[in-house]
Amino acid sequence: MGDRLTILGLESSCDDTAAAVVRQAADRADILSSVVLGQGDLHAAFGGVVPEIAARAHAEKLDLAVRRTLGEAGLALADMDAVAVTAGPGLIGGVLAGVMLAKGLAAGAGLPLVGVNHLAAHALTPRLTNALAYPYLMLLVSGGHCQLLEVRGPEAFTRLGGTIDDAPGEAFDKVARLLGLPQPGGPAVEREAAAGDAARFPLPRPLLDKPDCAMSFSGLKTAVLRQRDRLVAAQGGLTRADRADLCAGFQAAVADVLAEKTRRALATGRMPALAVAGGVAANAAIRAALERIAAEAGAGYVAPPLRLCTDNAAIVAYAGAELFRAGRRDGPELAARPRWPLDARSPALIGGGRKGAKA
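Residues numbered from 1 in each chain as written. Predicted model: local features only at pLDDT ≥ 70, side-chain atom pairs only at ≥ 80, totals over all residues. Heavy atoms only, no water.

## What to know about the pattern of salt bridges
Opposite charge on two side chains allows them to pair when their charged atoms are near.
Then comes step 1: For the structure on display, the rule yields 20 salt bridges.
Then comes step 2: The shortest N-O distance in the salt bridge between Arg270 and Glu150 comes to 2.6 Å. Taken together, the residues span a long stretch of sequence, with Arg270 in the loop between helix 9 (240-266) and strand 9 (273-277) and Glu150 in strand 7 (residues 146-153) at a distance of 120 residues.
Then comes step 3: Asp229 is the salt-bridge partner of Arg228, the closest N and O atoms lying 2.8 Å from each other.
Then comes step 4: By relative accessible area, Asp229 is classed as partly exposed at 36%.
Then comes step 5: Linked by salt bridges that have partners in common, Asp166, Glu170, Lys174 and Lys221 make up one network. (Salt bridge = Lys/Arg side-chain N within 4 Å of Asp/Glu carboxyl O. Helix = DSSP H or I, 4+ residues; strand = E, 2+ residues; numbered from the N terminus. Buried < 20%, exposed > 50% of the residue type's maximum accessible area, 1.4 Å probe, protein only.)

Rendered as structure tokens:
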């Protein structure tokens, strides 16, 4: 293995079919190509992602994404040093489609195979974009996950806290449905909130009375539902201003909770920098709140470009490169995993409601 690695990455854990080529050297990494084929039109009529539809679309599009990303990079499969693939967590049908294609590509081309934890790929994104040195504090916020992590290596994660029920992105999606907004809910709620008054409705900031880093967003979503129902009962429906104010209040509450819990994690003094990643990290209000918290704590702050916050294969390829350098190799027995905690030593988060623990 030389000083430079060229890695093909595959991502299919939810509703984005993605492939990318990343070249990593000792001191930098470059994204040579990145292709993301979305499935928004396929799921629009259902108000959310349908796992079976997503899995079939991945099976149909993964090879097309690989061919396109290799073409954009001007490279062939034989030019790769390894194939990295999201092996979990995620919707099992989609993850399985990616893992099976990666196995076939690796076997056919005689390349090493590296299975990547999708959450680790997000957690390592600041090293791809900013060469951020270990250790650092990572707030991982997405549609299905919310965790505060100490990151000390490509497989060294310590969870300081997380959500005990809905993830922030899940709550954004549910609030969007409650208010008749399109999916995905995050961007829709953020657009409406831009014209709203965040102070109009007294929405809660769950678990801020607890000293730890545990978070909860299910009750906040229910509070929005109750405010909506009260308005509908009083006036027969929602005005545009009502909807904008509810979105602004909800977004402000989420930002306040994330910022305060992150402030507590930084107060330990163990982490010199804060990074944020995941789809919810694309929200401008949340990014600004976290940047302010980092500045107050005297910590560095890294927020990756928006295109690398949502699901993509470039972060998978980069994580695969780090794992490959650390000696990681996977064989034909690599399994697709619907759940895969980053910190297996910490107990599962308690109080996950009917859906169970989120960790």
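Moving on from the coordinates now.
## Regarding the confidence of the model for the protein chain
Then comes step 1: Averaged over all residues, the pLDDT of the protein chain is 92; the fraction at 70 or higher stands at 96%.
Then comes step 2: Ignoring residues within four places in sequence, the model shows residues 351-359, a span with pLDDT below 50, making 21 contacts including any to other chains. (pLDDT = per-residue confidence, 0-100. Contact = heavy atoms within 4.5 Å.)

## A word on the pairing of strand 4 (residues 82-88)
Then comes step 1: Of all the 7 residues making up strand 4, 7 are buried; the element is thus mostly covered by neighbouring parts of the structure.
Then comes step 2: Where strand 1 (residues 5-11) meets strand 4, 4 bridges bridge the pair, whose relative direction is parallel. Within strand 4, the residue paired with Gly9 across the bridge is Ala84.
Then comes step 3: Bridge analysis of strand 4 against strand 5 (residues 113-117) gives 5 bridges, and the strand direction is parallel. The residue bridging Thr86 from the neighbouring strand is Val116, located in strand 5.
Then comes step 4: With helix 3 (residues 92-109) bridging strand 4 and the parallel strand 5, this β-α-β connection has right-handed handedness. (Pairing = 2+ DSSP bridges. Right-handed = clockwise from strand over helix to strand, strands pointing away.)

## A word on the side chain of Asp165
Then comes step 1: Following the sequence through the fold, Asp165 ends up in the loop between strand 8 (156-162) and helix 6 (168-178).
Then comes step 2: The buried category is assigned to Asp165, whose relative accessible area is 12%.
Then comes step 3: Of the polar contacts made by the side chain of Asp165, one reaches the backbone nitrogen of Phe217; its length is 2.9 Å.
Then comes step 4: A polar contact of 3.2 Å, which involves the side chain of Asp165, links it to the backbone nitrogen of Ser218. (Polar contact = N/O pair within 3.5 Å; in protein donor to acceptor, adjacent residues only side chain to side chain.)

## With respect to unusual backbone geometry
Then comes step 1: Following Tyr134, the chain continues into Pro135 via a peptide bond in cis, with omega recorded as -10°.
Then comes step 2: The peptide bond linking Gln183 to Pro184 adopts the cis configuration, its omega dihedral lying at -5°.
Then comes step 3: Relative to the helices and strands, Pro184 is located in the loop between helix 6 and helix 7 (185-193).
Then comes step 4: The backbone phi angle of Ala131 is positive, close to 50°, even though this residue is not glycine.
Then comes step 5: Counting through the fold element by element, Ala131 comes out in the loop between helix 5 (125-130) and strand 6 (136-141).

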